[in-house]
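So the chains spell out like this:
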Amino acid sequence: MSEKNINRREFLKLTAVGIAVAAGTRAVTSTKASSSAPKGKHQWAMVIDQSKCIGCGYCTLACQAHNDVNPNIQWNKVNEGDMVADKHVFLPRPCMHCEKAPCVEVCPVEASYYRDDGIVMMDYERCIGCRYCQIACPYDARSFNWEKFSGENPAVPEWGTPEVERRPRGVPEKCSFCYQRIDRGLALGLKPGVDADASPACVVVCPTGARLFGDLNDPESSVSKALHENPSFRLRENLGTEPRVYYIPAVPAKEA
Amino acid sequence: MFKKLRSKLVITPWAIWLGLMGIILLSGAIAGIMVFWKGLGITNLTDRVPWGLWITIDLSSIALGAGAFSLCAGVYLFGLKRYQPIARTATFVGLIGYTMATLALILDIGKPERFWHSMVYWNTHSLLWEVTMCVILYLTVLVFEAMPILANLEWLRKHLPKIASLMERVHHYAPILAIIGLGLSSLHQSSLGATYGVIKARPFWFKPEMSVLFMFSAIVGGISLTLFATMLSSRLTNKARINDALIERVAQIVGYLLIGYFYFRAWDTLATTYTYDPGRSEGLHFLTKGPFAFNFWIVEMLLGMIVPMILLLYKPTRMNRFWRMVALVLVAAGVVAFRWDTNITGQLVLISYIPGAAITYTSYQPSWIEILTGAAIIAYGFTAFSLGVKYLRVVDHSLIEEDHAKVKVEVVEPVTI
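In this text, all values refer to a predicted model and were calculated from it rather than measured experimentally.

**Quick notes on the overall build of chain A**
- Helices and strands together make up the secondary structure of chain A, namely seven helices and nine strands.
- Out of the 256 residues in chain A, the part that is buried amounts to 44%.
- By sequence separation, contacts in chain A at least 24 residues apart represent 60% of the contacts at least 6 residues apart.

This is how it looks when you write it as structure tokens:
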């Protein structure tokens, strides 16, 4: 019996050591993973001018074509809002690419992650399809692939040609700021937000120029200037997610 | 030859039970294959309500498996040795509960073949990662804790006595396993609540109390289910031998715990009214006055807490086996209702990202596929427990620790010859 007691005590010691070691490794890994996006050379952002948006939905279609999105899914949804001064006001909603993105925080396998240019990316090969990110996203920006998207994409070729692979059944998907266009454009020496070939498809297709895209680190970029010159807001700002999509309201608040 | 076969095919209540469970398991297996084949599109889950019936089954079976860690901690760490036979049953119930949860999760994730990703790719920020790791590790602990129970299998004792005795010897490490189990369970039982509690997009969930509530209700519900299963099996079969005095004492503890659970749940709900937060107040309204009012007031509060609290704390009803059983099963059902209400209410109240837009509501009804597979998961739990009672002496209060040691010697001896 006394032997058992010694064993138990020794084991308690061992357990304590084990817990300490486990806690140590956790502390080390947690310094690696950050709870907000790393700041790289570029900080991409989008500005949507609600006074210019006419709700045509071209952005949605171009997005569906360039990213080969299922017609049942809209990465970029155009919402119709209230009437302001007898005019319809629209609120297009891409992914907000939050600086502190709830989806990145909750993903159990780091399938959602930050690029150092601020884009919130999805690794569709790693995702297990638990849908916690959908639960956590305050902007309904994620759509799950309940079915396999096979067959023709009705938006192709009228609105563009697919530039990325179709996502498999069983993973959620969302807007990526057309990272493929940005990356290819930069490789070709183009400037995202200025050159069409380096800018998100929705920005390029917008007939009224309601969308601006560019680098917040560049004070001369169209987004930096627009945000400097106009009052703007972001969606559900009280949550502290720090979205990278800014809106210029349809009726600018009178300057005090 | 036919006579022999016919004599074997006597319709006993046991055969009917197994047949019934078999039918449910079979239909669930077919439905499950459909899910893997056709994908989650055949469920009623949507982008608005991505977590439905399966998640509730998952949460409930983990919660009701919590009797294992709480009773093992009580017996092996806090010196309540005499309750060891109940802890034994609880361990088996826990093992069943956690495997049920694993089954539900495998169905629920969109890419079941990638289930192992959570072990390889770590996001230490994610509550769900922590829960997954803890559940996997704790399931391993439960397997070890259940080794001495599984060693009771007659076939194993006869044909592989060496392995059986080895499995029995794991019992000596019970205190250590109880420590690990307590740690892992405390982590993931509360983190399951935090899984909801950290979601700032949904104010109805976004509060620190979620962890406390999940933990507390799991302990209360888990112990209750174990006691109920123990008592029920003693009524149905002579394979189960119980010491009613033990159960009665633990049931009294459950009664006291219920006061705490009731206080927390009531306080948590009422405190929601202190401030107005879009989405949170609507959620409360939805729960207390809307479509979930019956679930909340009657199933959770009245039948799940107040009635069993009285039945278990009032001595005459507690001493009465029938009323005690009623009380215990009500507690377990109340905890399941709490998980369902919490999970669904938080999703049905839709908070728009459009500035100034009103709160809207959606609805969710599980599809037949979800119900059939869900029923099969529950049927698996029932079947496993009844098999355990029949063949593994899972409910046997005459089998105490000393007895255990004796059995071990008997088995070891023939091996050394």
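So that's the structure; there's more coming.
**Some details on the overall build of chain B**
- Of regular secondary structure, chain B possesses 18 helices and two strands.
- In summary, chain B has a C-alpha radius of gyration of 22 Å against a globular reference of 22 Å for 417 residues, a match within 12%.
- If you line up chain B on its principal axes, its C-alpha atoms span 80 × 50 × 45 Å.
- A total of 417 residues make up chain B; the buried ones form 50% of that total.
- At a minimum sequence separation of 6, the contacts of chain B that also span at least 24 residues come to 78%.

**Focus: the sheet that holds strand β9 (residues 245–248) of chain A**
Residue and element names in this part refer to chain A.
- Read from one edge of the open sheet, three strands run β8-β1-β9, paired in mixed fashion. Of all the strands in the sheet, the pair left with one neighbour each is β8 (211–215) and β9. Recorded for the sheet is a direction-independent mean angle of 20 degrees between the axes of neighbouring strands.
- When strand β1 (residues 44–49) meets β9, the two strands line up parallel, connected through four bridges. The residue bridging I48 from the neighbouring strand is Y247, located in β9.

**Comments concerning the packing of helix α11 (residues 209–236) of chain B against helix α12 (residues 244–271) of chain B**
Residues and elements named next belong to chain B.
- Interaxial distance between α11 and α12 falls to 10 Å at its minimum, and their mutual angle equals 150 degrees. Viewed along their axes, α11 and α12 adopt a mutual orientation that is roughly antiparallel. With respect to the hand of their crossing, α11 and α12 are arranged in left-handed fashion. Contacts from E209, V212, L213, F216, S217, I219, V220, I223, S224, L227, T230 and M231 of α11 reach α12 at I247, V250, A251, V254, L257, L258, G260, Y261, F264, R265 and D268.
- In the contact of α11 with α12, the residues fall into 16 nonpolar, four polar and three charged.

**Brief notes about the interface of chain A and chain B**
- The interface of chain A with chain B comprises 45 residues on the first partner and 33 residues on the second.
- Mapped by element, the contributors of at least two residues to the side of chain A that touches chain B are α1 (2–32), β2 (77–84), β3 (87–93), α3 (102–106), α4 (132–136) and β6 (143–144) of chain A.
- Tallying contributions element by element places α1(A) first for the side of chain A that touches chain B, with seven residues.
- Classifying every residue of the side of chain A that touches chain B gives 22 nonpolar, 10 polar and 13 charged.

**Quick word on the environment of I371(B)**
Residue and element names in this part refer to chain B.
- Within the secondary structure, I371 is located in helix α17 (residues 368–391).
- Through-space distance from the C-alpha of I371 to that of L53 is 7.7 Å; in sequence the pair is 318 residues apart.
- The contact partners of I371, leaving out residues within four places of it in the chain, are L53 and P366.

**Remarks on helix α5 (residues 84–108) of chain B**
- With 25 residues, α5(B) should reach 36 Å at 1.5 Å per residue; the first-to-last C-alpha distance of 36 Å fits that figure.
- For α5(B), the buried fraction is high: 22 of the 25 residues fall into the buried class.

**Digging into unusual backbone geometry**
All names here are of chain A.
- In this model, V156 is joined to P157 through a cis peptide bond whose omega is 5 degrees.
- Within the secondary structure, P157 is located in the loop between β6 and β7 (172–173).
- A positive phi is found at D68, a non-glycine position, where the angle reads about 50 degrees.
- The residue D68 is located in the loop between α2 (58–66) and β2 in this model.
- Positive phi, normally seen in glycine, also occurs at C178, with a value near 50 degrees.
- Structurally, the position occupied by C178 is in the loop between β7 and α5 (179–187).
- Residue C178 is classed as buried on the basis of its 29 C-beta neighbours within 10 Å.

**A few points about the packing of helix α4 (residues 67–77) of chain B against α11(B)**
Residue and element names in this part refer to chain B.
- α11 packs onto α4 with a crossing angle of 85 degrees between their chain directions and a minimal axis gap of 7 Å. Accordingly, the angle class assigned to the pair α4 and α11 is roughly perpendicular. Contacts from G67, S70 and L71 in α4 reach I219, G222, I223, L225 and T226 in α11.
- Tallied by class, the residues present in the contact of α4 with α11 amount to four nonpolar, four polar and no charged.

**So, the pairing of β8(A)**
Residue and element names in this part refer to chain A.
- Burial analysis of β8 places five of its five residues in the buried class, which makes it a mostly covered element.
- Relative to β8, β1 is paired through five bridges, and the arrangement is antiparallel. In the strand pairing of β8, A45 is matched with G214.

**A closer look at the confidence of the model for chain B**
Residues and elements named next belong to chain B.
- For chain B, per-residue confidence averages 91 on the pLDDT scale, and 94% of positions sit at 70 or higher.
- Every residue in residues 402–413 scores below 50 in pLDDT, and together they form 13 contacts with partners more than four places removed in sequence or on other chains.
- Across the interfaces of the predicted complex, the ipTM metric reaches 0.89, alongside a pTM of 0.88.

**Considerations on helix α14 (residues 293–313) of chain B**
- Maximum bend of α14(B): about 45 degrees, positioned at L302(B).
- When we look at burial in α14(B), the residues that qualify are F296(B), V299(B), E300(B), M301(B), G304(B), M305(B), P308(B), M309(B), L311(B) and L312(B).

**Structural notes on the confidence of the model for chain A**
- Looking at chain A, the pLDDT average stands at 87 and 84% of residues meet or exceed 70.
- Ignoring residues within four places in sequence, the model shows residues 24–33 of chain A, a span with pLDDT below 50, making seven contacts including any to other chains.

About the thresholds
- Residues numbered from 1 in each chain as written.
- Chains lettered and ligands numbered in written order.
- Predicted model: local features only at pLDDT ≥ 70, side-chain atom pairs only at ≥ 80, totals over all residues.
- Helix = DSSP H or I, 4+ residues; strand = E, 2+ residues; numbered from the N terminus.
- Buried ≥ 20, exposed ≤ 12 C-beta atoms within 10 Å, placed from the backbone.
- Contact = placed C-beta atoms within 7 Å.
- Rg over C-alpha atoms; globule rule 2.2 N^0.38 Å.
- Pairing = 2+ DSSP bridges.
- Axes fitted to C-alpha atoms, helices over the stretch in contact; angles between N-to-C directions.
- Parallel < 35°, antiparallel > 145°, perpendicular 65-115°, else oblique.
- Left-handed = near helix turned anticlockwise from the far one by under 90°.
- Nonpolar A, V, L, I, M, F, W, Y, C, P; charged D, E, K, R; others polar.
- Expected span 1.5 Å × (residues − 1).
- pLDDT = per-residue confidence, 0-100.
- Bend = angle between axes of the 7 residues up to and from the residue.

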